[in-house]
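Residue-level structural notes
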Amino acid sequence: MNRRSFLTKTAVAGGAVAGSALAAPAVLAQAPIVIKMQTSWGAANIWDEFAKDYATRVDEMSGGRLKVDVLPAGAVVAAFQVLDAVNDGVLDAAHSVPVYWYGKNKAASLFGTGPVFGGSATTMLSWFYAGGGQELYDELTQDIMGLDIQGYLGFPMFAQPFGWFKGEVNSVADLDGFKYRTVGLAADLMAKLGMSVAQLPGGEIVPAMERGVIDAFEFNNPSSDRDFGAQDVAKNYYLSSYHQASESFEFLFSKSFMEDLDPDLQAILKYAVEAVSTANTAKAMDRYSADLQKLANEDGVTVHRTSTEILDAQLKAWDELIPELEADPFMKKTLDSQRAWVERVSYYELMNSPDYALAYEHYFPGKLAL
């Protein structure tokens, strides 16, 4: 009997025994079902808080019948190994990103870190839920890969910065020969810009920079970057990039564990992802912006916007990669679905959006360096 069946059977048995004691109140008859969820983040990372925000919502929405035990990266398995652990029943759930299992199937990168056709992370999270993305994700994980997992995406991340450099990088020529940390298809993208790439978990980035294993890197956002000390090893921080501009968190569950739960508890685990997506977005807006100010004002970091030359080169690199990816029928089907969604939805988004930068410059003149 593995852990998931043991938990289910003991919860049922405990309820039956308690129910046989006539004096015991019915509300005490059911012990909470504890869900062991490991993240791919260290305990000091803001994303550990994000995972715990999910656990709080599940606890409250279930009236205490479900308890999510959030564990940091390395507590049970390494950061990149959570998919295997959930599939094998070692973990009941995980809080991660699809790109971390890119080594098993490159198509993982299309669910958040693929080519940017003009849609934001919010656009692509909407594709996942309303444009056929969930069905394609299930096809990949359950049918093609044969995994015992059920996954959902939540929290549309702000476009990831180009990253941290010791000196200024204003042209593609400035990047040539850099040893750079990123993950997923971004590794192929950056290789076309002349860099060699190491794919490392967040907790290994600064030590690798200190040892000279890498000399430039990106992770995700000002808060996470500041938490692990990016500002101690580099002072030039470049915002804006097309390498990972539409990513969301992945909430992974053991499919058989989920199916053993009552339908209402399954629904709570599923829809709490939507609830915490909104909460995580609000917290990210608050903390990311505040930490960016601390990086600039307290830590001596120079904040840049990535040059148009580099951004244009990234798009041209995607143009080279896409035909290579489309040699795989599933990846072509997924990219076709994303293109069709972005062409229609982003047309509306972009045509409808006023120029927010113009309004910002009107009320806060001179602050933007675009």
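The shown structure was predicted, so the numbers you read here are calculated from the model rather than taken from an experiment.

What counts and what doesn't
Residues numbered from 1 in each chain as written. Predicted model: local features only at pLDDT ≥ 70, side-chain atom pairs only at ≥ 80, totals over all residues. Heavy atoms only, no water. Axes fitted to C-alpha atoms, helices over the stretch in contact; angles between N-to-C directions. Helix = DSSP H or I, 4+ residues; strand = E, 2+ residues; numbered from the N terminus. Parallel < 35°, antiparallel > 145°, perpendicular 65-115°, else oblique. Left-handed = near helix turned anticlockwise from the far one by under 90°. Contact = heavy atoms within 4.5 Å. Nonpolar A, V, L, I, M, F, W, Y, C, P; charged D, E, K, R; others polar. 1 Å grid on protein atoms, 1.4 Å probe; cavity = no way out; pocket = protein on both sides within 12 Å on 5 of 7 lines; lining within 4 Å. Points joined across faces, edges and corners; volume = space filled by probe spheres on them. Buried < 20%, exposed > 50% of the residue type's maximum accessible area, 1.4 Å probe, protein only. Pairing = 2+ DSSP bridges.

Across the interface, helix α5 (residues 133-144) lies against helix α12 (residues 329-352) with an axial gap of 11 Å and an inter-helix angle of 165 degrees. Overall, the two elements α5 and α12 adopt an arrangement that is roughly antiparallel. The way α5 lies across α12 gives a crossing that is left-handed. Packed against α5, whose contacting residues are Leu136, Glu139, Leu140 and Ile144, the element α12 presents Phe330, Lys333, Thr334 and Ser337 at the interface. A class-by-class count of the residues in the contact of α5 with α12 yields four nonpolar, two polar and two charged.

Attention shifts here to the layout of surface pockets. Its volume calculated, the largest pocket comes out at about 2100 Å³. Lining the largest pocket are 45 residues; nearest its centre among them are Phe158, Leu239, Ser240, Arg305 and Leu370. Of all elements in the fold, only α4 (121-130), α10 (263-297), β11 (302-305), α12 and α13 (356-363) reach the threshold of two or more residues within the lining of the largest pocket. Broken down by element, the residue count for the lining of the largest pocket peaks at nine residues, all from α10.

Of note in the backbone geometry, Phe155 takes a positive phi value of approximately 70 degrees without being a glycine. Positionally, Phe155 belongs in strand β4 (residues 149-156). A relative accessible area of 0% places Phe155 in the buried class. Backbone geometry places Ser240, a non-glycine residue, at a positive phi of 85 degrees. Along the polypeptide, Ser240 turns up in the loop between β9 (236-239) and β10 (248-254). Residue Ser240 is classed as buried on the basis of its relative accessible area, which comes to 17%.

This part covers the sheet that holds strand β2 (residues 66-71). Spatial strand order, β2-β1-β3-β10-β4: five strands in an open sheet with mixed pairing. Two strands close off the open sheet at either side, each with one partner strand: β2 and β4. When the angles between neighbouring strand axes are averaged without regard to direction, this sheet yields 25 degrees. Alignment of strand β1 (residues 33-39) against β2, held across six bridges, turns out to be parallel.

Without other data, these values stay purely geometric and don't point to any function.
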